[in-house]
Amino acid sequence: MTGHIEGRLAFLKTELKITDVQESKWIVFADAVRANAKAMMGMRDDMMQVRVVALPVRLERIEKAMALCQESLRTIKASVESLYASFSDEQKRAADQLMVSPMGLF
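One structure accompanies this document, and this report is about it. Because the structure is a prediction, the values reported are computed rather than measured.

### Notes on the packing of aromatic side chains
The relation between two aromatic rings is expressed through the spacing of the ring centres and the mutual angle of the planes. In the structure shown here, the tally under the stated rule is two aromatic pairs. On the basis of an interplanar angle of 50° and a centroid distance of 5.1 Å, the ring pair of Trp 26 and Phe 29 is categorised as tilted. Here Trp 26 pairs with Phe 29, and both are found in helix α2 (residues 23–49), just three residues apart, close to one helical turn. Using a relative accessible area of 4% as the deciding quantity, one classes Trp 26 as buried. According to the relative accessible area criterion, Phe 29 is buried, its value standing at 0%.

In structure tokens form, the structure reads like this:
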């Protein structure tokens, strides 16, 4: 998954035509995406270790996963807001089309 994330980030950076002035904001965004991917993989690995667990334990794991997703979304949203504000109209149109896929963000 990490390779996929790096490839996706490289694609987005090229397609969005990130400028030197925007580079620092891009780095914050890219780091947030990487951290999100790492956290999600860790969560997935934890959930896959034991397939059959008692219902209360399973619900607790789901609750933790949802909380992690929400926190990751907040972090990425903050970095996107700053980056997006620096975009030209052309970059905004591209971001609106490219940065959300049918499978989720980025």
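### A short note on the nonpolar core
Within the largest apolar cluster, 17 residues are counted, with the highest numbers of intra-cluster contacts made by Leu 9, Leu 16, Trp 26 and Phe 29. Looking at this core, the elements with two or more residues in it are α1 (2–16), α2, α3 (55–85) and α4 (89–98). Counting residues per element, this core draws most heavily on α2, at six residues. Setting aside anything within four residues of it in sequence, one finds Leu 9 in contact with Trp 26, Phe 29, Ala 30, Val 33 and Arg 34.

Reading guide: rules and limits
Residues numbered from 1 in each chain as written. Predicted model: local features only at pLDDT ≥ 70, side-chain atom pairs only at ≥ 80, totals over all residues. Heavy atoms only, no water. Phe/Tyr/Trp six-rings, centres within 6.5 Å; stacked < 30°, edge-to-face > 60°. Helix = DSSP H or I, 4+ residues; strand = E, 2+ residues; numbered from the N terminus. Buried < 20%, exposed > 50% of the residue type's maximum accessible area, 1.4 Å probe, protein only. Core = buried A, V, L, I, M, F, W, Y, C linked by side-chain atoms within 4.5 Å. Contact = heavy atoms within 4.5 Å.

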